[in-house]
Amino acid sequence: MVSMSEANQAVRDLATKAKDAARALRVANTAEKNAMLAKIADELLANEQNILDANREDVEREKAAGMSAALIDRLLLTSQRLADIAQAVRDVASLADPVGEIVEGRTLDNGLRLTNKRVPMGVIGMIYEARPNVTVDAAVLALKAGNAVLLRGGSAALESNRVLVAAIRAGIDKAGFSPDLVASVDDYGRDGAVALMRARGYVDLVIPRGGAGLIQTVIEQATVPTIETGVGNCHIYVDSAADVDRAHDVVVNAKTHRPGVCNAVETVLVHRDVAGELLPRLGKSLGEAGVTIHADAVAAELIADAVPATEADWETEYLALELAVRVVDNPADAVAHIAQYSSGHTEAIISENVATVNMFTQAVDSAVVMVNASTRFTDGGQFGLGAEIGISTQKLHARGPMALRELTTTTWIVQGDGHVRQ
């Protein structure tokens with residue numbers, strides 16, 4: 001164990017090295033950065049056995065400790081998942097480089113020429129839970145956008161992340177850049193996480209990704225600028241003008257496809273006019289998939305084996321095979337429920353009524369609003385952004401899936417001809 005003061009000093013030393021390394025990356029061209037990502041992908045595959053062995057150790061330890069099946073699924077790496085991660089690295093290399101992109105340009109009346117362009121953020125701190133793939137996603141997105149990154153991946157994935165970070169650093173080194181561009185603070189435990197979020201002046205941005213408790217802790221304790229991400233109390237509203245077959249399929253997908261992720265649906269609101277047709281059928285399908293349904297009084301009469309919903313159910317991000325269901329009288333009631341309980345991540349409407357759809361998309365204040373589609377599509381890869389670093393649920397700087405562009409800031413370049421201000 002290290003003391004808090006030792007953790008502070010260690011994190012500041014890592015951040016100083018990262019900032020120095022980032023200066024060289026800041027002026028690298030796109031081809032050089034892409035070559036580095038290719039080396040990282042190669043190293044991940046070359047170290048497959050070491051990575052899977054380390055992950056197996058993490059999974060067995062967490063199973064013994066009672067981690068839920070959904071969270072074990074998020075922790076687990078397989079040969080195919082590792083191959084997919086390596087491919088995602090190559091996919092990021094194929095994306096357009098945001099660095100140097102001209103956001104705005106104009107010439108003032110006095111002849112000064114103004115250009116606003118995208119530049120790297122600097123040193124990014126990433127704090128996350130039990131998701132080894134995030135270790136790679138965060139690193140490669142930061143690197144492609146010209147940044148260094150310090151990682152705090154949590155104790156559940158400790159061994160997996162140790163080997164993944166070593167492979168990433170080896171790839172960076174083989175590409176001719178400093179391995180200090182990517183480092184982990186996991187060795188310093190929770191004190192390391194606190195030191196990272198308080199390293200103002202050393203770290204330019206902290207991004208938490210995980211459960212509500214983690215995110216709230218970072219928001220409350222960080223002195224480094226922070227982007228709030230991830231908590232997904234997502235809703236689907238099934239309108240009276242819904243295609244019931246379509247609604248059934250969308251809800252089942254949104255709940256059961258991967259229940260342990262932040263874009264899985266947690267509450268379904270069903271218009272009274274279609275509840276009788278949809279809910280018995282939906283209850284049967286979800287029940288066969290192992291889903292426990294927490295239903296209000298009206299829905300409970302239509303769903304076999306439903307349990308009574310409590311106030312807490314409307315507020316809960318289950319991240320498991322559980323779902324809250326409420327019957328509403330009209331679209332306005334659905335919007336009001338979402339406004340009260342949503343985390344601002346993703347909401348969806350199933351309806352064939354254009355006016356109702358337009359009202360819903362305008363009235364609902366969330367990062368993503370789906371129309372006749374599963375909430376599971378809120379994902380950087382599905383949006384064509386490549387791997388994502390998180391889903392921002394705040395309104396400043398970035399909102400929704402965060403990928404390369406959201407890891408940059410801007411600089412104004414002002415060109416004159418000996419101009420002096422009068």
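For the chain, an unreviewed UniProt entry supplies the name Gamma-glutamyl phosphate reductase and the organism Trueperella bialowiezensis. UniProt's Function (unreviewed entry) comment on the chain is quoted here verbatim: "Catalyzes the NADPH-dependent reduction of L-glutamate 5-phosphate into L-glutamate 5-semialdehyde and phosphate. The product spontaneously undergoes cyclization to form 1-pyrroline-5-carboxylate." Checking UniProt for the chain, the heading Subcellular location (unreviewed entry) contains the comment "Cytoplasm".

(A) Looking closely at the overall build of the chain. Within the chain one finds 15 helices and 16 strands. Computed over C-alpha atoms, the radius of gyration of the chain comes to 23 Å, within 12% of the 22 Å expected from 2.2 N^0.38 for 422 residues, which places it in the range of a compact globule. A principal-axis box enclosing the C-alpha atoms of the chain has dimensions of 70 × 65 × 40 Å. Counting across all 422 residues of the chain, residues that qualify as buried make up 51%. Intrachain contacts of the chain at a sequence separation of at least 6 include 74% that bridge at least 24 residues. Working note: accessible area of the chain is about 18,000 Å², and carbon and sulfur atoms make up 49% of it.

(B) Local environment of the pattern of salt bridges. Evaluated as defined, the whole model comprises 25 salt bridges. For E101, the salt bridge identified is with R405, shortest N-O distance 3.1 Å. Here E101, found in the loop between α5 (79–94) and β1 (102–107), pairs with R405, found in the loop between β15 (400–402) and β16 (408–415); they are 304 residues apart in sequence, far enough to count as distant. When its relative accessible area of 26% is taken as the criterion, E101 is described as partly exposed. Residue R246 pairs with E352 through a salt bridge whose shortest N-O separation is 2.7 Å. Of this pair, R246 sits in helix α10 (residues 244–256) while E352 is found in the loop between β12 (346–350) and α15 (354–363), placing the two residues 106 residues apart along the sequence. Overall, the relative accessible area of 46% leaves E352 in the partly exposed class. One connected set of salt bridges, linked through shared partners, spans D58, R61 and E62.

(C) A look at the environment of D329. Residue placement: D329 occurs in the loop between β11 (322–328) and α14 (331–341). According to the relative accessible area criterion, D329 is partly exposed, its value standing at 41%. C-alpha separation for the pair D329 and R272, spaced 57 residues apart in sequence, amounts to 5.5 Å. In this structure D329 touches H271 and R272, once residues within four positions along its chain are discounted. At a separation of 2.7 Å, a polar atom in the side chain of D329 contacts the side chain of R272.

(D) Here's a closer look at the sheet that holds strand β6 (residues 205–209). If you walk across this open sheet you meet the four strands as β5-β4-β3-β6, and the pairing is parallel. The sheet is open, and its two borders are formed by β5 (182–184) and β6, each paired with just one other strand. Here the strands of the sheet are splayed against their neighbours by 20° on average, with no regard to which way each runs. Both strand β3 (residues 123–128) and strand β4 (residues 148–152) contribute to a ladder of five bridges, which runs parallel. Residue pairing for β4: I127 is matched across the bridge by R152. Contacts from helix α6 (residues 132–144) reach β3, β4, β5 and β6 within the one sheet, and its direction differs from that of β4 by about 165°. Strands in contact with helix α9 (residues 212–221) are β3 and β6; relative to β6, the strand with the most contacts, it is inclined by about 160°.

(E) Spotlight on the nonpolar core. The biggest cluster of nonpolar side chains holds 71 residues, and the ones touching the most others in it are I40 and L181. Tallying contributions element by element places α6 first for this core, with eight residues. Among the nonpolar cores identified, the runner-up in size contains 30 residues, and A247, A295, V327 and M370 belong to it.

(F) Spatial organisation of the domain arrangement of the chain. In terms of domain boundaries, the chain breaks down into domain 1 (4–229 + 398–414) and domain 2 (234–382). The straight-line distance from the C-alpha centre of domain 1 to that of domain 2 is 33 Å. At the interface, seven residues of domain 1 touch 11 residues of domain 2. Between domain 1 and domain 2, a total of about 760 Å² is buried, with carbon and sulfur atoms accounting for 53% of that surface. Scanning the region where domain 1 abuts domain 2 turns up two salt bridges. A salt bridge links R258 to D73, with the nearest nitrogen and oxygen atoms 3.2 Å apart.

(G) Region of the structure containing the packing of aromatic side chains. Considering all chains together, one arrives at one aromatic pair under this definition. When the ring of Y237 is compared with that of F360, the centres are 6.2 Å apart and the planes differ by 20°; the resulting orientation is stacked. On the criterion of sequence distance, the pair formed by Y237 in strand β7 (residues 234–238) and F360 in helix α15 is long-range, its members being 123 residues apart. Just as Y237 is buried, F360 falls in that class too. Against the face of W314 rests R326, its NZ or CZ located 4.3 Å from the ring centre.

(H) Fine view of the pairing of β4. The buried count for β4 comes to five of five residues, which makes it a mostly enclosed element. Residues A148, L150 and R152 point to one face of β4 and V149 and L151 to the other, with burial holding for every one of them. Handedness of the β3-α6-β4 crossover: right-handed. Sheet topology places β4 next to β5; three bridges connect them, and they run parallel. Considered in β5, the bridge of L151 is made with S184.

Cut-offs applied
Residues numbered from 1 in each chain as written. Predicted model: local features only at pLDDT ≥ 70, side-chain atom pairs only at ≥ 80, totals over all residues. Heavy atoms only, no water. UniProt positions renumbered as here; feature names shortened; annotations may be inferred. Helix = DSSP H or I, 4+ residues; strand = E, 2+ residues; numbered from the N terminus. Rg over C-alpha atoms; globule rule 2.2 N^0.38 Å. Buried < 20%, exposed > 50% of the residue type's maximum accessible area, 1.4 Å probe, protein only. Contact = heavy atoms within 4.5 Å. Areas by Shrake-Rupley, 256 points an atom, 1.4 Å probe, with all protein chains shown as cover. Salt bridge = Lys/Arg side-chain N within 4 Å of Asp/Glu carboxyl O. Polar contact = N/O pair within 3.5 Å; in protein donor to acceptor, adjacent residues only side chain to side chain. Pairing = 2+ DSSP bridges. Axes fitted to C-alpha atoms, helices over the stretch in contact; angles between N-to-C directions. Core = buried A, V, L, I, M, F, W, Y, C linked by side-chain atoms within 4.5 Å. Domains from an automatic or database assignment. Buried area = accessible area lost by both parts, 1.4 Å probe. Phe/Tyr/Trp six-rings, centres within 6.5 Å; stacked < 30°, edge-to-face > 60°. Lys NZ or Arg CZ within 6 Å of the ring centre and 35° of its normal. Right-handed = clockwise from strand over helix to strand, strands pointing away.

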